[in-house]
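One-letter residues, chain by chain:
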Amino acid sequence: MKLVPLGDKIVLKQFEAEETTKSGIVLPGQAKEKPQEAEVLAVGPGGIIDGKEVKMQVKVGDKVIYSKYSGTEVELDHEEYIIVKQSDILAIVED
């Protein structure tokens, strides 16, 4: 199956949470904070959203930082994804 976002929506695959802290402490599952960094897997077409033209500024493969409590978590074929609006993307991470 494949997720195809509509309008200004973006499908993200969240990076795995760190299992240990920088000082070497191993974190149990519930103590791990979900990262706000993810990879863009699919991008909607943009267009006219609520009367305003929206041009998509991210592309598939981009690494992005998104708002902490934004989006909708979706599970498809035993994989977890997050669908967010483009306005929930805070930055593109460039190497």
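Calculation notes
Residues numbered from 1 in each chain as written. Predicted model: local features only at pLDDT ≥ 70, side-chain atom pairs only at ≥ 80, totals over all residues. Heavy atoms only, no water. Helix = DSSP H or I, 4+ residues; strand = E, 2+ residues; numbered from the N terminus. Buried < 20%, exposed > 50% of the residue type's maximum accessible area, 1.4 Å probe, protein only. Contact = heavy atoms within 4.5 Å. Areas by Shrake-Rupley, 256 points an atom, 1.4 Å probe, with all protein chains shown as cover. Pairing = 2+ DSSP bridges. Axes fitted to C-alpha atoms, helices over the stretch in contact; angles between N-to-C directions.

> So, the overall build of the protein chain: which residues are in play, and what are the values?
From N to C terminus, the protein chain includes zero helices and eight strands. Counting from the amino terminus, helix and strand elements in the protein chain follow one another as β-β-β-β-β-β-β-β. Residues counted as buried form 27% of the 95 residues belonging to the protein chain. Long-range contacts, defined here as pairs at least 24 residues apart, represent 63% of the contacts in the protein chain between residues at least 6 apart. For the protein chain, the accessible area works out to roughly 7,000 Å², and carbon and sulfur atoms hold 51% of it.

> An account of the sheet that holds strand β5 (residues 63-66) is needed here, citing residue identities and associated values.
Strand order in the open sheet made by the six strands is β6-β7-β1-β2-β5-β8, with antiparallel pairing throughout. Whereas interior strands pair on both sides, the edge strands pair on one side only; in this sheet they are β6 (72-76) and β8 (89-93). When strand polarity is set aside, the average angle formed by the axes of neighbouring strands in this sheet is 40 degrees.

> Explain the pairing of β5 residue by residue, including any values.
What you see with β5 is a clean split: Val-64 and Tyr-66 sit on the buried side and Lys-63 and Ile-65 on the side with no burial. Of the strand pairs in this sheet, strand β2 (residues 37-43) and β5 are connected by three bridges, and their pairing is antiparallel. For Ala-38, the partnering residue across the bridge sits in β5 and is Val-64. As judged from the four bridges shared by β5 and β8, these two strands associate in the antiparallel manner. Counterpart to Ile-65 in the pairing with β8 is Ala-91.

> Mind laying out the side chain of Gln-86, listing which residues take part and the relevant values?
By secondary structure assignment, the location of Gln-86 is in the loop between β7 (79-85) and β8. Setting aside residues no more than four positions away along its own chain, Gln-86 makes contact with Asp-8, Ile-10, Val-54, Lys-55, Met-56, Gln-57 and Val-58.

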